[in-house]
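Working through the structure, step by step
Residues per chain, in single letters:
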Amino acid sequence: MTHDNTNKHTKAYPLRRRAALAQTAIIAVIVFCFSFAVIFFNTYRLNAQLEDQITSISRLAETSLASSVWQVDHASARDFIDAMLHDESVVFAQVVTGREVMASRSRPKYSGQPFNFFKNDRKFLTRTVEIKKFGDWIGTFNLAITTARIDQEILINISATLILALVLILAISQTTISFARKRLFNPLKYLEASATAIADGDLDAAIDTSAPDELGNLARAFDDMRESVRHLISDLQEANGKLQDHRNVLETTVKKRTEELNHKNISLNLALEEVRKSKQAADVANLAKSRFLASMSHEIRTPMNAILGMADILWETKLTEDQERYVQVFRTAGESLLEILNDILDLSKIEAGHLELEKTSFSLGEVIDKTCTVIEPKAKQKQLKFECSVRPDVPDRLVGDPTRLRQILINLLGNAVKFTADGTVHLTIERAPGRDGEAILQFSVSDTGLGIPTGKLASIFDSFTQADSSTTREYGGTGLGLAISKQLVQMMNGRIWAESSPGKGSTFHFTARFDDPHITEVIQSAKKPTPQPQAELPKANILMLEDSKYNAFVIQTYLKNTPCRLTVAENGADGFEEFKKGNWDIILMDIQMPVMDGYEATRAIREWEREHNLTPLPIVAMTAYALVGDAEKCFETGANLHLPKPVKKSSLFDIIRSLLGDEQPTHGTSNTPQAHELFSTVREIVTAAHTALSREDYASVRTLGSDLMDEGIRLSMDAITKHGKSLRDAATEGTAPARIEQILTVIAEYIDRFETV
């Protein structure tokens, strides 16, 4: 018995040691937690001070730099940056607007470092602030502040706090361990011996219950335990019975919940089926929309082909002065209508951000004259005074997209005439400040019409929106004009806004950026061949597959006094039979025809040529389908050229000369070996991109990607445009060279595939 007690007493010592270690650990955790909280608070406070500092500077920049950037005041911008660097923590400040750095300064230690150097280094806190004027972005303020001083203060705070924490841990631990040994572990050792005896079955073992504290309560609890053991068996039997009842209830509950879950699963499956059906319905609706756009394009372009064709033919006849003016007006109006139709058909492309502007040299005066030719008759019809003034410093030669500029002006001037009952409509063009190599023009269209309520000015540039719901009923219109104009202005790196007073009239302003015409003309002259005098048409037998008698009559009239002989078939099946008779030089192929459409007829002709080992005849897809991808679809079926309707006489003659002579076509999109030069620019761009990539010149690769997008638009080949965008984005994001190389390879293979059709 003595031996057993000795063993049991020996077991108490490890517990005491573990308790001491636990006490020390708990105290250490508490003290360290408190210390870390203090460290975190001080660190947060110091960083917050630094953040407040940079936020204050940023707010000051927003208010102080707006006028300087708007007025391109370099001196004011530099003064502001010099004032910022009086703060020792500020190491870099920069004001940027567009592509220009107005002012920039850094500490001598960091002289010559760009802003990205500070952004990518955790030793600095950076901030980029957008500078706005009238709600539009006009520039950026970049700021970098060093965190060295804050880091030093944080390090000192951490060291001092941790040293104090260690001292507290040692002092508190020694005090608590000494107290626990005297008041807890020694009495507990004796209680352990009594508890062990009871555990061995000695229910009569003596227990000291005289202690007044928790140990006394524990001893009395052991004493009560002896009575509890006697009732344990009966209590366990009763508990087992209750447990069995509970298990039965639980099984019933589980069965019920399982049935509910099955019902919910059935409901979920039904909901998923509804979602699938909804998705299918949405897909069907999108397909119907695409088919509707394609059909509308074809149906509208077909009569437009006849109208513009007859206008060109009439223009070549002998006319009086008034008749010439009348014909010129409806020719110009027809071309404007065609441009608007193209914009409506490309609305989905505009919303998706895929629309690209042209970059060509043009005369602003010619654009204004053509615009006024359309608007002036409408103004005279309403007896309005129509005026146009151009400031002397506005250049006439510009580089940009004249078609889109003219569309914006026609939209704004057309609205001004529409909503003005009497008075004046005035167009003003002036020059705004800009950088070297570009011209920023501001166009203002004023009228004395109805005016627009102030609350409606913010929404008039939204799609299908007009200032008053009764406007559509009284004046007509779709509400798309201003929305499309806003998007085009933004693509020209400009902004558009309106000022109006109800009953007094409105003024619509917009700005647009144009490049230096001298630089662009040099680049374009390197790409374009020198114009040659046009030769007479060669003698040719031409087979035309066209179901529209009006369009066939237009082409017949074009070729009336030429050496060419034209035969017309009204559907693809008849045209295929005529083709098999032989003796043809060119085939003009419409796409939408009864019996057999143009795609099927083209495939049938190519198959017949392969079976009989015939030299492929040039096939020109002369169709009203002019949406994105239509040219490529025609090429895939075997066509050599895509010439969208309306077809002009000069375009058709140019195509005939290119296919039967030595000239290259200047209209339409080509897929013929004779027109290989059309893709030479694309190959030159790919080669130049390879060279720039080998030098890791990503800026040049990005520019070449934009050039490739322009070529895709010129060739009406959406795939080339998309590949150009991928190349530009990859170079902008700093993608791995292998990815850029892959894009260039895909482009080269794409062109190879089309040139071998």
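Residues numbered from 1 in each chain as written. Predicted model: local features only at pLDDT ≥ 70, side-chain atom pairs only at ≥ 80, totals over all residues. Heavy atoms only, no water.

Another point: the overall build of the protein. Per the secondary structure count, the protein includes 22 helices and 17 strands. If you take every contact in the protein between residues at least 6 apart in sequence, the share linking residues at least 24 apart comes to 67%. For the protein, the computed accessible surface area is about 42,500 Å², with 55% contributed by carbon and sulfur atoms. (Helix = DSSP H or I, 4+ residues; strand = E, 2+ residues; numbered from the N terminus. Contact = heavy atoms within 4.5 Å. Areas by Shrake-Rupley, 256 points an atom, 1.4 Å probe, with all protein chains shown as cover.)

What follows concerns the confidence of the model for the protein. For the protein, the mean per-residue pLDDT works out to 78, and 78% of the residues sit at or above 70. Under a pLDDT of 50 for its full length, residues 1-12 has, in the predicted model, six contacts with residues more than four places off or in other chains. (pLDDT = per-residue confidence, 0-100.)

As a further point, take the environment of V96. Along the polypeptide, V96 turns up in strand β1 (residues 90-97). With 44 residues separating them in the primary sequence, V96 and T140 have C-alpha atoms 5.0 Å apart. Those residues in contact with V96 that sit more than four places away from it in its chain are V101, M102, G139, T140 and N142.

What follows concerns the sheet that holds strand β4 (residues 136-146). An order of β2-β1-β4-β3 is seen for the four strands of this open sheet, with the pairing classed as antiparallel. At either end of the open sheet lies a strand with only one pairing partner, and these are β2 (100-106) and β3 (124-133). Across the sheet, the mean angle separating the axes of adjacent strands is 10° when strand polarity is ignored. Where β3 meets β4, 10 bridges bridge the pair, whose relative direction is antiparallel. Following the sheet pairing, K132 is matched in β4 by W137. (Pairing = 2+ DSSP bridges. Axes fitted to C-alpha atoms, helices over the stretch in contact; angles between N-to-C directions.)

Attention now goes to the pattern of salt bridges. Scanning all chains against the criterion turns up 14 salt bridges. Between K380 and E376 there is a salt bridge, and its shortest N-O distance comes to 4.0 Å. With K380 and E376 both in helix α9 (residues 364-381), this residue pair falls four residues apart, about one helical turn. Its relative accessible area of 57% is what places K380 among the exposed residues. Judged by relative accessible area, E376 falls into the partly exposed class, the value being 34%. E577 is the salt-bridge partner of K580, the closest N and O atoms lying 3.3 Å from each other. Taken as a pair, K580 and E577 lie in helix α15 (residues 572-580) at a separation of three residues, close to a single helical turn. Take K580: its relative accessible area is 31%, and that puts it in the partly exposed class. Each of K725, R728 and D729 takes part in one network of salt bridges that share partners. (Salt bridge = Lys/Arg side-chain N within 4 Å of Asp/Glu carboxyl O. Buried < 20%, exposed > 50% of the residue type's maximum accessible area, 1.4 Å probe, protein only.)

Residues L364, L405, F443 and F510 are the most contacted members of the largest nonpolar core, which totals 41 residues. Where this core is concerned, the elements lending two or more residues are α9, α10 (402-418), β8 (424-432), β9 (438-447), α12 (481-491), β10 (496-501) and β11 (505-515). Broken down by element, the residue count for this core peaks at seven residues, all from α10. The residues touching F443, leaving out its near neighbours within four places in the chain, are L364, L405, L409, T428, I429, F508, H509, F510 and F514. (Core = buried A, V, L, I, M, F, W, Y, C linked by side-chain atoms within 4.5 Å.)

What follows concerns the side chain of S35. For S35, the position within the fold is in helix α1 (residues 2-70). Leaving out residues up to four positions away in the same chain, S35 has contacts with T161 and A165.

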